[in-house]
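# Chain and residue survey
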Protein chains: 2
Amino acid sequence: MTGGMAVADPMYRVISDELRQKIESGQLAPGSQLPTELELRDRFNASRNTIRDAVKTLVSLGLVVTRPGQGTFVTERIDPFVTTLSADADTGFGGGEGATYLSEVSRAHRQPFMSEPRVEVLLATGEIADRLRVEEGTQLVSRHQQRHIDNTPWSLQTSFYPMQFVLDGATRLLEAVNIPQGAVQYIQEILGLKQTGYRDWITVRAPDANETAFFRIPGDGRVAVFEIFRTAFAESGDPMRVTVSVFPSDRNQFIVDVGTVPAPQLGTT
Amino acid sequence: MTGGMAVADPMYRVISDELRQKIESGQLAPGSQLPTELELRDRFNASRNTIRDAVKTLVSLGLVVTRPGQGTFVTERIDPFVTTLSADADTGFGGGEGATYLSEVSRAHRQPFMSEPRVEVLLATGEIADRLRVEEGTQLVSRHQQRHIDNTPWSLQTSFYPMQFVLDGATRLLEAVNIPQGAVQYIQEILGLKQTGYRDWITVRAPDANETAFFRIPGDGRVAVFEIFRTAFAESGDPMRVTVSVFPSDRNQFIVDVGTVPAPQLGTT
DNA sequence: GCAAATTTGTTCGTATGTATT
DNA sequence: CAATACATACGAACAAATTTG
C-alpha cells in the first residue's frame, strides 16, 4: 500500500466531472444543448482536443449525444419497454415472444410490428447445440424475426427447432410466414409436444455490427445489448426449442415475478 | 434518398476493424499482447494518435485492455457468476440474496464473502417510495452490504424496510450485524409477516463513481451494471421490502426458470 | 436552390507525464 | 536509473453534416 496524496485528476476529467454534475443535478435539462466545443475551450481555458476528450467520456457514460453540424445535447431518456419474462407460466407461453408479445405490447398502448420471419436450415453450433442438448452438426430450423414498437427497432429474435419436427409433420416451421397461433401452440397441435416450462439465461454484451445497424445504436459498444437465451422444455424434460433474443439496453427492462405478486401498476417506475 | 457510393470509412475505423477481426477470429488469443502503438503506427502508416483512436474503440468494445508501461492485451473472459432469480419460489426466499446467496455460491465451489451491513435510517425518496408504496418522507431502514466471490467484488446490495417493522419489535434490523437466518425469515418470526412472492425489475445502466471504485471497472461507463429492484410482497399483497442490487455486467449472468424446468447442468454454457 | 457560417469529426505533429520493467 | 509503453495535452488543418441567410 502506498497511501500517499492523491494526484490531481487530468484536466479532461475535471471538466467532464463538472459537466456531469450539472447534468445529473438537472441544471442542464435533458434535451438541452451544451456549449459548443469552442465555447467550452474558452470557458475552461483548455485546447479543443481536451474538451473533446471530456465530452467523449460523457458520451461514453450515455449522458450526452453529439450531432455533427448541430452540437452536443443532454440525453433524453427513452420511455422503456418492459417485458415480463415470467408471464403466463401456466400455459407454458413465455413473456415477450410470439403471440403473447403482440398482446403485451398492445396493452401498453404501443404499436407493435413483427417482421415476417427469415427461415433457414442450418447445423447446430456449440452454444445452441449445447442448450438444445443435441450433437453439433444436427440439422436445425432457425426462424429469425425483427420486432419494432412504435417504429423503433426493439429486438432481434431467432428461434431454433430440431429439423425432426418438420420431418414429423410440423412443416409450417419451414415456411417464411408468421404462425398465427404461435410456434409453441402449433407444435403442440401437430406433434402433441407440450411446452411445460422454460429457462431464460440473461447476459449483457457489446453489440455486433448487425445489431448496431438495426437498433441504430453507436458502433463503439457504448450501448450494450441484452442477450437472452430461452430454452423451452417439453414434458419429458428435454429441450424442444432455443430462442435467442437481443434487446438494446437503453430502451428495455425486464420483470420477473416469483411466487404471488399483485398485478403491476401501470405507469409506475 | 441520395443513394450514392459509400464513402470510405475513417482510417482509425479501418484499423480497428482489422484488429477486431483478428481478435474475434482467435488469431489474437485472449491474454496475448497487441503490437505496441509505435509498431502499429509503422505497420498501418498512420500517426500514433490515429492508432490510439483505433485502440480506443477496441477498448470501448471490451475486446482489449491497455496497461500503462506494459502494453495492450486481448481481454480474458471472466468466469461468470450465474444467479438464479427465480430460486425457491415456494419458500418465498429469492435467488441471490441473504442466506440463499451463501449456499448458492458455495455450491459452485466458490468462496463467498459478505460484508457486515451498513445500517441507516433515512427518508423514502421517489423511486424507493414508489416501489414500497409509501409516502415520500416515510422513515425507512436501509441495510447495505458488499458481496465478494473469490475475492472479486461481486455486487452491492441495499434493502429498504419500513421503520415501522423496528417499532413493532424487529429491532435487529437496526443492528449493523448480519442476521443469520436472513432478514426475511427474521421478520416472519418476529412480526408474523410472511413474504409470499417478489417482483424483480431488471435494468442496465452506466455505473456511478462508487460502483466503478468498488467493482474496479473503468470509470467511463464501458462496463455497464445490472440494477435489479426486488420488491417483496406479503400475503396482503402489500410490498414489505425493496432490495436494490447492482452487479457489473462483465462477470454476472442471470437465470429465470418458469414452469417445470429440469435441474441445471453444471458447467454448461 | 445555393452559399456561407457553424459545429462536430478525423488526422497529423509534437511535447511531456506516468506506470512498469 | 534507464528504457519502454501508454496517458495527457496542445496546436493546426481539413472534412463532413447541418442550419441559416
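Not measured: the values here are computed from a predicted model.

Conventions and cut-offs
Positions within a chain are numbered from 1, following the residues in the order the chain's sequence is written. Think of it this way: whatever chain is written first is A, whatever ligand is written first is 1, and the rest follow in order. With the structure being a predicted model, the display of local features is reserved for residues of pLDDT at least 70 and the display and counting of side-chain atom pairs for 80 or more, all residues being used for whole-chain, interface and lining totals. With hydrogens and water excluded, all non-hydrogen atoms of the structure serve as input to the side-chain values. Helix and strand assignments follow DSSP, with helices taken as H or I runs no shorter than four residues and strands as E runs no shorter than two, numbered in order from the N terminus. Helix span is expected to be 1.5 Å times the residue number reduced by one. When a residue's accessible area, from a 1.4 Å probe over protein chains only, is under 20% of the maximum for its type it is buried; when over 50% it is exposed; and in between it is partly exposed. Summarising the geometry, the arc corresponds to the directions from the helix axis toward the C-beta atoms. Between two residues, a contact is recorded if the distance between any of their heavy atoms is within 4.5 Å. The quantity reported as buried area is the accessible area (1.4 Å probe) lost by two parts once they are put together, taken as the sum for both. Only one rule defines a salt bridge in this text: a Lys or Arg side-chain nitrogen within 4 Å of an Asp or Glu carboxyl oxygen. Any N or O atom pair separated by 3.5 Å or less is treated as a polar contact, with the protein-specific requirement of one donor-capable and one acceptor-capable atom, and with residues adjacent in sequence counted only for side-chain atom pairs. Note on definitions. A residue lies near a molecule or strand when any single heavy atom of the residue is within 4 Å of it. Only Asp, Glu, Lys and Arg are considered charged in this grouping, and only Ala, Val, Leu, Ile, Met, Phe, Trp, Tyr, Cys and Pro are considered nonpolar; every other residue, Gly among them, is considered polar. Least-squares superposition of the copies uses the C-alpha atoms of those residues scoring a pLDDT of at least 70 in each of them.

Here we come to helix H1 (residues 11-24) of chain A. All names here are of chain A. A rise of 1.5 Å per residue sets the reference length of H1, with its 14 residues, at 20 Å; its end C-alpha atoms lie 20 Å apart and thus fit the reference within 8%. Those residues of H1 not exposed but buried are Ile-15, Ser-16, Leu-19, Arg-20 and Ile-23. Projected down its long axis, H1 shows its buried positions confined to an angular sector of 135°, all on one face. Residue Gly-26 follows H1 closely and has a positive phi angle near 90°.

Interface size is often expressed as the accessible area that is lost when the parts come together. Counting residues at the interface gives 48 residues for chain A, matched by 49 residues for chain B. Around 4300 Å² of area is buried between chain A and chain B when both sides are counted, 53% of it from carbon and sulfur atoms. Between chain A and chain B we count 2 salt bridges in total. Where chain A touches chain B, the interface holds 15 residue pairs in polar contact (both at pLDDT 80 or more). Of all the secondary-structure elements, those providing two or more residues to the side of chain A that touches chain B are H1, helix H3 (48-60), helix H5 (126-132), strand E8 (195-205), strand E9 (225-234) and strand E11 (252-259) of chain A.

Attention shifts here to the protein's contact with DNA strand D. The immediate surroundings of DNA strand D are formed by 23 residues, with Met-11, Asn-49 and Thr-50 of chain A together with Arg-52 and Thr-66 of chain B found nearest. Considering the 4 Å shell around the protein, atoms of DNA strand D inside it are sugar or phosphate in 67% of instances. Contacts to DNA strand D include Thr-50 of chain A, whose side-chain N or O atom sits 2.3 Å from a phosphate oxygen. Here Arg-48 of chain B contributes a side-chain N or O atom positioned 2.9 Å from a base nitrogen of DNA strand D. Of all elements in the fold, only H1 and H3 of chain A together with helix H3 (48-60), strand E1 (64-67) and strand E2 (71-74) of chain B reach the threshold of two or more residues within the surface near DNA strand D. Its residues assigned to classes, the surface near DNA strand D comprises 6 nonpolar, 12 polar and 5 charged.

The two copies are related by a screw operation: chain A maps onto chain B through 180° of rotation and 0.1 Å of translation along the axis, at an RMSD of 0.1 Å. Here the symmetry operator amounts to a two-fold rotation axis. Among all residues of chain A, the one whose C-alpha sits closest to the rotation axis is Arg-222 of chain A, at a distance of 3.1 Å.

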